[in-house]
Amino acid sequence: MTRLSGEAALVLAWIIALIASLAVLFIGEVLGQTPCVLCWFQRAFMFPLAIVLGLGLWWQDPRVGRYGVALALGGAAVASYHIGLYVGLIPEAIQPCTATGPSCTDDNQVVFGIPIPLLALVAFTMIGMLSALSLKEKQT
């Protein structure tokens, strides 16, 4: 069984971040779905991941994975909180979304039958794991 190299892990993490970033831009700008407050916070972690990991690959920086891990952890924390709101684990009284803006728990938070916060959590988790994997390879 072959092991995934550090560079290959970073390439996969960058592809996931790029696809996730383009997907939320498509949902917001093309489909016209206004993001809720928590979605904006998740975007604040995902968009830099696509840029930072891409630049790290371009510059052949083998330690860029540490930034990937940090940003992915922050995004995963927001996505986890968002999922808690979505499934009802967190009481409505502390929801960050206003009555006049988009809701964190509406049906428009679903793509292909999967809640957007769950998709975000999976993406952040995969990016974080791949970024960490890239750091385990011997640095020369």
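Residues numbered from 1 in each chain as written. Predicted model: local features only at pLDDT ≥ 70, side-chain atom pairs only at ≥ 80, totals over all residues. Heavy atoms only, no water.

**Student:** So what about the UniProt feature "transmembrane region" (unreviewed entry) in the protein chain? Which residues, and what values?
**Tutor:** Per the UniProt record, "transmembrane region" (unreviewed entry) is found at residues 42–60, 67–90 and 110–135. Taken end to end, residues 67–90 has its terminal C-alpha atoms 30 Å apart, with 88% of it in helix and 0% in strand. Secondary structure content for residues 110–135 is 77% helix and 15% strand, and the end C-alpha separation is 34 Å. (UniProt positions renumbered as here; feature names shortened; annotations may be inferred. Helix = DSSP H or I, 4+ residues; strand = E, 2+ residues; numbered from the N terminus.)

**Student:** Kindly report on unusual backbone geometry, identifying the contributing residues and their values.
**Tutor:** Although it is not a glycine, Gln60 adopts a positive phi angle of roughly 55 degrees. Along the polypeptide, Gln60 turns up in the loop between helix 2 (37–58) and helix 3 (65–87).

**Student:** So what about the packing of helix 2 against helix 4 (residues 116–136)? Which residues, and what values?
**Tutor:** The packing of two helices is summarised by the inter-axis angle and the distance between the axes. Axis separation between helix 2 and helix 4 bottoms out at 12 Å; the angle between their running directions is 35 degrees. As helix 2 runs across helix 4, the sense of the crossing is left-handed. For the pair helix 2 and helix 4, the contacting residues are Gln42, Phe45, Met46, Leu49 and Leu53 in the first and Pro117, Ala120, Ala123, Phe124, Ile127 and Ser131 in the second. Here the residues of the contact of helix 2 with helix 4 sort into nine nonpolar, two polar and no charged. (Axes fitted to C-alpha atoms, helices over the stretch in contact; angles between N-to-C directions. Left-handed = near helix turned anticlockwise from the far one by under 90°. Contact = heavy atoms within 4.5 Å. Nonpolar A, V, L, I, M, F, W, Y, C, P; charged D, E, K, R; others polar.)

**Student:** Account for the packing of helix 1 (residues 6–30) against helix 4, with residues named and values stated.
**Tutor:** Viewed as axis vectors pointing N to C, helix 1 and helix 4 meet at an angle of 160 degrees, and their least axial separation amounts to 8 Å. The angle between helix 1 and helix 4 places the two elements in the roughly antiparallel class. For the element pair helix 1 and helix 4, the recorded crossing hand is left-handed. Facing helix 1, whose interface residues are Gly6, Ala9, Leu10, Leu12, Ala13, Ile16, Ala17 and Ile27, helix 4 presents Ile116, Ala123, Met126, Ile127, Leu130, Ser131, Leu133 and Ser134. (Parallel < 35°, antiparallel > 145°, perpendicular 65-115°, else oblique.)

**Student:** Provide a residue-level description of the nonpolar core, including the pertinent values.
**Tutor:** Within the largest apolar cluster, 23 residues are counted, with the highest numbers of intra-cluster contacts made by Ala17, Met46, Leu49, Leu53, Phe124 and Ile127. Looking at this core, the elements with two or more residues in it are helix 1, helix 2, helix 3 and helix 4. Listed in part, the six residues of the second largest apolar core include Cys39, Val78, Leu85 and Ile90. (Core = buried A, V, L, I, M, F, W, Y, C linked by side-chain atoms within 4.5 Å. Buried < 20%, exposed > 50% of the residue type's maximum accessible area, 1.4 Å probe, protein only.)

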